[in-house]
Amino acid sequence: MTIAPLSGQLSCDARAVVNAEQIRIWNEVNAARWLKLRGPLTATLTPYGEAAMDALAPRRGERLLDVGCGFGETTTELARRSGNVLGVDVVQQFLEIARAEAAPGASYLLADAQTHRFEERFDGIYSRFGLMFFEDPAAAFANLRSALRPSGRLAAVVWGPPEDNEWSGLPMQVLRRHMPVREPGRGPGPFGLSDRAALARLLAGAGFVRADVAPLRLPFAADVSVLLQTGVAAAALREAGPEGERLRPQLEQELREAIGGRAVEGVALLVQASAPAVDTPRRIQ
Ligand SMILES: C[S@@+](CC[C@H](N)C(=O)[O-])C[C@H]1O[C@@H](n2cnc3c(N)ncnc32)[C@H](O)[C@@H]1O
(Lines give C-alpha, C1' and ligand atoms only; values in the text may rest on other atoms or scores of the structure.)
Protein backbone atom coordinates (compact mmCIF):
# COMPACT_ATOMS: atom_id res chain seq x y z
CA MET A 1 0.00 0.00 0.00
CA THR A 2 1.44 3.40 -0.98
CA ILE A 3 0.10 6.14 1.21
CA ALA A 4 3.18 8.28 1.76
CA PRO A 5 2.36 10.93 -0.90
CA LEU A 6 -1.18 11.21 0.41
CA SER A 7 -0.23 11.49 4.03
CA GLY A 8 2.16 14.21 2.97
CA GLN A 9 -0.68 16.28 1.50
CA LEU A 10 -3.42 15.35 3.90
CA SER A 11 -4.07 17.34 6.98
CA CYS A 12 -4.28 14.30 9.25
CA ASP A 13 -2.42 13.10 12.32
CA ALA A 14 1.02 12.17 11.02
CA ARG A 15 1.78 9.83 13.95
CA ALA A 16 -0.49 7.14 12.59
CA VAL A 17 -2.16 7.20 9.19
CA VAL A 18 -5.72 6.48 10.22
CA ASN A 19 -8.13 5.38 7.48
CA ALA A 20 -5.16 4.53 5.25
CA GLU A 21 -7.01 1.77 3.39
CA GLN A 22 -10.12 3.86 2.63
CA ILE A 23 -7.98 6.85 1.64
CA ARG A 24 -6.08 4.54 -0.74
CA ILE A 25 -9.31 3.07 -2.15
CA TRP A 26 -10.88 6.47 -2.70
CA ASN A 27 -7.78 7.87 -4.38
CA GLU A 28 -6.53 4.87 -6.33
CA VAL A 29 -9.74 2.99 -7.19
CA ASN A 30 -12.93 5.00 -6.72
CA ALA A 31 -11.78 8.44 -7.87
CA ALA A 32 -11.41 7.43 -11.54
CA ARG A 33 -14.86 5.80 -11.54
CA TRP A 34 -16.49 8.82 -9.88
CA LEU A 35 -14.79 11.18 -12.34
CA LYS A 36 -16.15 9.11 -15.23
CA LEU A 37 -19.65 8.71 -13.79
CA ARG A 38 -20.03 12.11 -12.14
CA GLY A 39 -23.20 13.11 -14.03
CA PRO A 40 -25.24 9.93 -13.53
CA LEU A 41 -24.08 9.37 -9.93
CA THR A 42 -24.89 12.93 -8.95
CA ALA A 43 -28.33 12.65 -10.53
CA THR A 44 -28.95 9.44 -8.58
CA LEU A 45 -27.84 10.83 -5.23
CA THR A 46 -29.47 14.26 -5.53
CA PRO A 47 -32.89 13.37 -4.05
CA TYR A 48 -31.26 11.77 -0.99
CA GLY A 49 -29.00 14.78 -0.53
CA GLU A 50 -31.94 17.16 -0.82
CA ALA A 51 -33.73 15.35 2.01
CA ALA A 52 -30.69 15.85 4.27
CA MET A 53 -30.36 19.49 3.10
CA ASP A 54 -33.99 20.16 4.04
CA ALA A 55 -33.41 18.44 7.41
CA LEU A 56 -30.42 20.70 8.10
CA ALA A 57 -32.41 23.78 7.00
CA PRO A 58 -29.33 26.03 6.59
CA ARG A 59 -29.84 29.67 7.40
CA ARG A 60 -28.13 32.71 5.86
CA GLY A 61 -24.85 33.51 7.63
CA GLU A 62 -24.41 30.12 9.29
CA ARG A 63 -20.97 28.50 9.10
CA LEU A 64 -21.37 24.95 7.73
CA LEU A 65 -19.20 21.87 7.14
CA ASP A 66 -19.78 19.37 4.29
CA VAL A 67 -18.09 16.04 5.17
CA GLY A 68 -16.86 13.85 2.29
CA CYS A 69 -17.88 16.62 -0.11
CA GLY A 70 -16.54 14.98 -3.29
CA PHE A 71 -16.89 17.39 -6.24
CA GLY A 72 -18.53 19.94 -3.96
CA GLU A 73 -21.98 19.80 -5.47
CA THR A 74 -23.73 19.83 -2.10
CA THR A 75 -21.15 22.32 -0.79
CA THR A 76 -22.26 24.66 -3.59
CA GLU A 77 -25.89 24.30 -2.54
CA LEU A 78 -24.96 24.88 1.13
CA ALA A 79 -23.03 28.01 0.07
CA ARG A 80 -26.06 29.22 -1.88
CA ARG A 81 -28.19 28.91 1.24
CA SER A 82 -25.81 30.01 4.02
CA GLY A 83 -23.03 31.83 2.16
CA ASN A 84 -20.33 30.25 4.36
CA VAL A 85 -19.25 26.61 4.02
CA LEU A 86 -16.17 24.40 4.20
CA GLY A 87 -16.07 21.14 2.20
CA VAL A 88 -13.68 18.45 3.42
CA ASP A 89 -12.55 15.38 1.52
CA VAL A 90 -9.58 13.00 1.24
CA VAL A 91 -9.31 13.09 -2.58
CA GLN A 92 -7.24 15.91 -4.03
CA GLN A 93 -8.62 15.31 -7.54
CA PHE A 94 -12.19 15.88 -6.33
CA LEU A 95 -11.19 19.06 -4.52
CA GLU A 96 -9.41 20.47 -7.57
CA ILE A 97 -12.73 20.28 -9.43
CA ALA A 98 -14.64 21.61 -6.41
CA ARG A 99 -12.27 24.58 -6.10
CA ALA A 100 -12.47 25.33 -9.84
CA GLU A 101 -16.29 25.39 -9.59
CA ALA A 102 -16.50 26.95 -6.11
CA ALA A 103 -19.50 29.11 -5.35
CA PRO A 104 -19.03 32.38 -3.43
CA GLY A 105 -18.67 31.53 0.26
CA ALA A 106 -17.42 27.95 -0.32
CA SER A 107 -13.90 26.77 0.45
CA TYR A 108 -12.31 23.35 0.55
CA LEU A 109 -9.86 21.39 2.71
CA LEU A 110 -8.02 18.15 1.97
CA ALA A 111 -8.30 16.34 5.30
CA ASP A 112 -9.57 13.23 7.03
CA ALA A 113 -12.76 14.21 8.85
CA GLN A 114 -12.13 11.55 11.49
CA THR A 115 -8.83 12.99 12.68
CA HIS A 116 -8.64 16.58 11.50
CA ARG A 117 -8.74 18.95 14.44
CA PHE A 118 -11.12 21.68 13.33
CA GLU A 119 -9.99 24.88 15.02
CA GLU A 120 -13.34 26.57 14.47
CA ARG A 121 -16.88 25.58 15.42
CA PHE A 122 -19.67 25.08 12.90
CA ASP A 123 -23.37 25.84 13.15
CA GLY A 124 -24.18 22.78 11.08
CA ILE A 125 -22.58 19.65 9.64
CA TYR A 126 -23.95 18.06 6.49
CA SER A 127 -23.00 14.95 4.56
CA ARG A 128 -24.35 13.17 1.49
CA PHE A 129 -22.99 9.61 1.80
CA GLY A 130 -19.60 10.78 3.11
CA LEU A 131 -19.71 9.38 6.65
CA MET A 132 -19.52 5.61 6.11
CA PHE A 133 -15.81 5.23 5.46
CA PHE A 134 -14.29 5.78 8.90
CA GLU A 135 -12.22 3.01 10.49
CA ASP A 136 -13.27 4.26 13.90
CA PRO A 137 -16.75 5.77 13.58
CA ALA A 138 -16.94 6.47 17.33
CA ALA A 139 -13.80 8.64 17.16
CA ALA A 140 -14.98 10.27 13.92
CA PHE A 141 -18.42 11.19 15.24
CA ALA A 142 -16.91 12.47 18.51
CA ASN A 143 -14.55 14.63 16.46
CA LEU A 144 -17.41 15.99 14.35
CA ARG A 145 -19.55 16.59 17.41
CA SER A 146 -16.76 18.60 18.99
CA ALA A 147 -16.54 20.70 15.81
CA LEU A 148 -20.13 21.90 16.38
CA ARG A 149 -21.14 24.92 18.40
CA PRO A 150 -23.53 24.29 21.30
CA SER A 151 -26.89 23.29 19.76
CA GLY A 152 -25.24 22.95 16.32
CA ARG A 153 -27.02 20.52 13.97
CA LEU A 154 -25.96 17.43 12.06
CA ALA A 155 -27.96 16.22 9.04
CA ALA A 156 -26.74 13.48 6.73
CA VAL A 157 -27.67 10.49 4.63
CA VAL A 158 -25.92 7.11 4.75
CA TRP A 159 -26.99 3.86 3.10
CA GLY A 160 -29.41 1.53 4.90
CA PRO A 161 -28.94 -2.25 5.05
CA PRO A 162 -27.65 -3.94 1.87
CA GLU A 163 -30.61 -6.36 1.83
CA ASP A 164 -32.96 -3.36 1.44
CA ASN A 165 -30.93 -1.83 -1.37
CA GLU A 166 -31.84 -3.30 -4.73
CA TRP A 167 -29.26 -1.15 -6.50
CA SER A 168 -26.64 -3.30 -4.76
CA GLY A 169 -28.53 -6.62 -4.43
CA LEU A 170 -29.86 -7.05 -8.00
CA PRO A 171 -26.45 -6.66 -9.70
CA MET A 172 -25.00 -9.08 -7.13
CA GLN A 173 -27.68 -11.67 -7.94
CA VAL A 174 -26.88 -11.46 -11.64
CA LEU A 175 -23.11 -11.52 -11.17
CA ARG A 176 -23.31 -14.57 -8.89
CA ARG A 177 -24.53 -16.63 -11.85
CA HIS A 178 -21.09 -16.09 -13.41
CA MET A 179 -18.47 -15.29 -10.76
CA PRO A 180 -17.82 -15.19 -7.02
CA VAL A 181 -19.22 -12.08 -5.34
CA ARG A 182 -18.49 -11.18 -1.72
CA GLU A 183 -21.29 -10.09 0.61
CA PRO A 184 -21.03 -6.35 1.26
CA GLY A 185 -19.17 -5.83 4.54
CA ARG A 186 -20.42 -3.77 7.48
CA GLY A 187 -16.96 -2.26 8.04
CA PRO A 188 -15.83 1.01 6.40
CA GLY A 189 -17.64 1.21 3.04
CA PRO A 190 -21.07 2.04 1.59
CA PHE A 191 -22.91 -0.05 4.22
CA GLY A 192 -20.63 0.82 7.15
CA LEU A 193 -23.39 2.67 9.06
CA SER A 194 -26.36 0.72 7.78
CA ASP A 195 -27.50 -0.65 11.17
CA ARG A 196 -30.08 1.88 12.32
CA ALA A 197 -29.96 1.03 16.03
CA ALA A 198 -26.15 0.89 16.07
CA LEU A 199 -26.00 4.27 14.36
CA ALA A 200 -28.33 5.81 16.96
CA ARG A 201 -26.09 4.37 19.72
CA LEU A 202 -23.02 5.73 17.93
CA LEU A 203 -24.49 9.24 17.87
CA ALA A 204 -25.41 9.10 21.54
CA GLY A 205 -21.96 7.76 22.44
CA ALA A 206 -20.35 10.64 20.55
CA GLY A 207 -22.29 13.13 22.67
CA PHE A 208 -25.04 14.07 20.22
CA VAL A 209 -28.53 14.73 21.58
CA ARG A 210 -31.99 14.57 19.93
CA ALA A 211 -30.64 11.93 17.54
CA ASP A 212 -33.05 10.54 14.96
CA VAL A 213 -32.23 7.91 12.32
CA ALA A 214 -35.08 7.26 9.88
CA PRO A 215 -35.29 5.15 6.70
CA LEU A 216 -35.54 7.13 3.48
CA ARG A 217 -36.83 5.04 0.56
CA LEU A 218 -36.41 6.63 -2.87
CA PRO A 219 -35.93 5.47 -6.46
CA PHE A 220 -32.28 4.77 -7.28
CA ALA A 221 -32.39 6.23 -10.77
CA ALA A 222 -29.48 4.66 -12.64
CA ASP A 223 -29.20 2.57 -15.81
CA VAL A 224 -27.80 -0.98 -15.83
CA SER A 225 -24.38 0.18 -16.98
CA VAL A 226 -24.07 2.48 -13.95
CA LEU A 227 -25.48 -0.16 -11.58
CA LEU A 228 -22.72 -2.56 -12.64
CA GLN A 229 -20.14 0.13 -11.90
CA THR A 230 -21.20 0.78 -8.31
CA GLY A 231 -20.55 -0.91 -4.98
CA VAL A 232 -19.92 -4.62 -4.67
CA ALA A 233 -20.70 -5.32 -8.34
CA ALA A 234 -17.95 -2.94 -9.44
CA ALA A 235 -15.46 -4.65 -7.12
CA ALA A 236 -16.42 -8.15 -8.33
CA LEU A 237 -16.11 -7.14 -11.98
CA ARG A 238 -12.78 -5.45 -11.34
CA GLU A 239 -11.48 -8.62 -9.69
CA ALA A 240 -12.78 -10.73 -12.59
CA GLY A 241 -10.48 -8.74 -14.93
CA PRO A 242 -10.75 -9.36 -18.73
CA GLU A 243 -13.33 -12.13 -18.23
CA GLY A 244 -15.57 -9.65 -16.41
CA GLU A 245 -15.20 -7.16 -19.29
CA ARG A 246 -16.03 -9.89 -21.84
CA LEU A 247 -19.20 -10.71 -19.87
CA ARG A 248 -20.29 -7.10 -19.28
CA PRO A 249 -22.79 -6.78 -22.21
CA GLN A 250 -24.42 -10.08 -21.21
CA LEU A 251 -24.54 -9.02 -17.53
CA GLU A 252 -26.17 -5.74 -18.52
CA GLN A 253 -28.81 -7.65 -20.49
CA GLU A 254 -29.47 -10.07 -17.60
CA LEU A 255 -29.72 -7.17 -15.15
CA ARG A 256 -32.16 -5.36 -17.46
CA GLU A 257 -34.33 -8.50 -17.46
CA ALA A 258 -34.07 -8.88 -13.67
CA ILE A 259 -35.22 -5.28 -13.19
CA GLY A 260 -38.04 -5.74 -15.67
CA GLY A 261 -38.60 -2.05 -16.38
CA ARG A 262 -39.62 -1.06 -12.85
CA ALA A 263 -37.89 1.59 -10.68
CA VAL A 264 -34.98 0.22 -8.62
CA GLU A 265 -35.14 1.37 -4.99
CA GLY A 266 -32.54 2.57 -2.56
CA VAL A 267 -33.03 2.81 1.18
CA ALA A 268 -30.92 5.40 2.93
CA LEU A 269 -30.94 6.44 6.56
CA LEU A 270 -31.64 10.10 7.21
CA VAL A 271 -29.59 11.12 10.24
CA GLN A 272 -30.44 14.16 12.35
CA ALA A 273 -28.85 15.12 15.67
CA SER A 274 -27.66 18.12 17.65
CA ALA A 275 -24.78 19.06 19.87
CA PRO A 276 -25.84 19.70 23.48
CA ALA A 277 -26.89 23.25 24.33
CA VAL A 278 -24.13 23.45 26.91
CA ASP A 279 -20.61 23.08 25.56
CA THR A 280 -18.56 20.06 26.60
CA PRO A 281 -14.75 19.86 26.37
CA ARG A 282 -13.24 18.35 23.23
CA ARG A 283 -12.50 14.66 23.57
CA ILE A 284 -8.77 13.92 23.68
CA GLN A 285 -7.95 11.15 21.17
C1 LIG B 1 -19.92 8.31 -1.71
S2 LIG B 1 -18.81 9.66 -1.93
C3 LIG B 1 -19.93 11.04 -1.73
C4 LIG B 1 -19.37 12.30 -2.30
C5 LIG B 1 -20.29 13.52 -2.21
N6 LIG B 1 -20.72 13.78 -0.86
C7 LIG B 1 -21.49 13.34 -3.11
O8 LIG B 1 -22.57 13.04 -2.63
O9 LIG B 1 -21.34 13.50 -4.34
C10 LIG B 1 -17.93 9.64 -0.39
C11 LIG B 1 -16.90 10.74 -0.24
O12 LIG B 1 -16.33 10.66 1.07
C13 LIG B 1 -14.94 10.92 0.97
N14 LIG B 1 -14.28 10.37 2.17
C15 LIG B 1 -14.03 9.08 2.45
N16 LIG B 1 -13.41 8.96 3.65
C17 LIG B 1 -13.26 10.23 4.13
C18 LIG B 1 -12.69 10.78 5.32
N19 LIG B 1 -12.15 9.99 6.26
N20 LIG B 1 -12.71 12.12 5.49
C21 LIG B 1 -13.26 12.93 4.54
N22 LIG B 1 -13.82 12.46 3.40
C23 LIG B 1 -13.82 11.13 3.19
C24 LIG B 1 -14.55 10.26 -0.34
O25 LIG B 1 -13.32 10.73 -0.84
C26 LIG B 1 -15.74 10.62 -1.21
O27 LIG B 1 -15.56 11.85 -1.88
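Residues numbered from 1 in each chain as written. Predicted model: local features only at pLDDT ≥ 70, side-chain atom pairs only at ≥ 80, totals over all residues.

Draft legend 1. Geometry of the site of the ligand. Around the ligand sit 24 residues, and of these G68, G70, A113, R128 and F133 come closest. Residue assignment for the shell around the ligand shows that the elements contributing at least two residues are α2 (20–36), α3 (38–56), α4 (73–82) and β2 (85–89). Of the residues contributing to the shell around the ligand, the split by class is 12 nonpolar, 8 polar and 4 charged. (Near = placed C-beta within 6 Å. Helix = DSSP H or I, 4+ residues; strand = E, 2+ residues; numbered from the N terminus. Nonpolar A, V, L, I, M, F, W, Y, C, P; charged D, E, K, R; others polar.)

Draft legend 2. Quick peek at the confidence of the model for the protein chain. This prediction gives the protein chain a mean pLDDT of 92; 92% of its residues lie at or above 70. pLDDT under 50 marks residues 1–8. Its contacts with residues more than four places away, or in other chains, come to 11 contacts. In the model, residues 11–15 has pLDDT below 50 throughout and makes 14 contacts with residues more than four positions away in sequence or in other chains. (pLDDT = per-residue confidence, 0-100. Contact = placed C-beta atoms within 7 Å.)

Draft legend 3. Molecular detail of the environment of S127. One can find S127 in strand β4 (residues 122–128). Considering only alpha carbons, one finds S127 and A155, 28 residues apart in sequence, at a separation of 6.8 Å. Those residues in contact with S127, other than ones at most four positions away along the chain, are D66, V67, G68 and A156.

Draft legend 4. How the structure looks around the sheet that holds strand β1 (residues 64–67). Pairing in this open sheet of 7 strands is mixed, and the strands run β3-β2-β1-β4-β5-β7-β6 from one edge to the other. Two strands lie at the open edges of the sheet, namely β3 (106–110) and β6 (209–219), each paired on one side alone. Going from strand to strand, the sheet's axes swing by 15 degrees on average, the running direction of each strand aside. Taken together, the 6 bridges between β4 and strand β5 (residues 148–159) define a ladder with parallel strand orientation. (Pairing = 2+ DSSP bridges. Axes fitted to C-alpha atoms, helices over the stretch in contact; angles between N-to-C directions.)

Draft legend 5. Geometry of the environment of R196. Among the secondary structure elements, R196 is positioned in helix α8 (residues 196–205). Residue R196 is classed as partly exposed on the basis of its 16 C-beta neighbours within 10 Å. Remark: the alpha-carbon pair of R196 and G160, spanning 36 residues in sequence, is separated by 7.5 Å. For R196, the residues in contact, after removing those within four places along its chain, are V213 and L269. (Buried ≥ 20, exposed ≤ 12 C-beta atoms within 10 Å, placed from the backbone.)

Draft legend 6. Seen up close, the environment of A155. Tracing the backbone through its elements, the reader meets A155 in strand β5. For the pair A155 and R59, spaced 96 residues apart in sequence, the C-alpha separation works out to 14 Å.

Draft legend 7. Layout of the packing of helix α6 (residues 137–146) against α8. Where α6 contacts α8, the axes come no closer than 8 Å and their chain directions differ by 50 degrees. With respect to α8, the element α6 is oriented oblique. Handedness of the crossing formed by α6 with α8: right-handed. Taken together, the residues of α8 that come into contact with α6 (itself represented by P137, A138 and F141) are L202, L203 and G205. (Parallel < 35°, antiparallel > 145°, perpendicular 65-115°, else oblique. Left-handed = near helix turned anticlockwise from the far one by under 90°.)

Draft legend 8. Molecular detail of the pairing of β2. By the criterion of burial, β2 is predominantly enclosed, with 5 of the 5 residues buried. In the sheet, β1 pairs with β2 via 4 bridges, with the strands oriented parallel. Its bridge partner being in β2, D66 is matched across the sheet by G87. As a crossover connection, the stretch from β1 through α4 into β2 is right-handed. Relative to β3, β2 runs parallel, the two sharing 5 bridges. (Right-handed = clockwise from strand over helix to strand, strands pointing away.)

Draft legend 9. The arrangement of helix α11 (residues 242–259) in detail. In a regular helix each residue adds 1.5 Å, so 18 residues correspond to 26 Å; α11 covers 25 Å between its end C-alpha atoms and thus fits that length. At R248, α11 shows its strongest bend, of approximately 50 degrees, with the proline P249 following within four residues. Where α11 terminates, the next one or two residues include G260, which has phi positive at roughly 65 degrees. (Expected span 1.5 Å × (residues − 1). Bend = angle between axes of the 7 residues up to and from the residue.)

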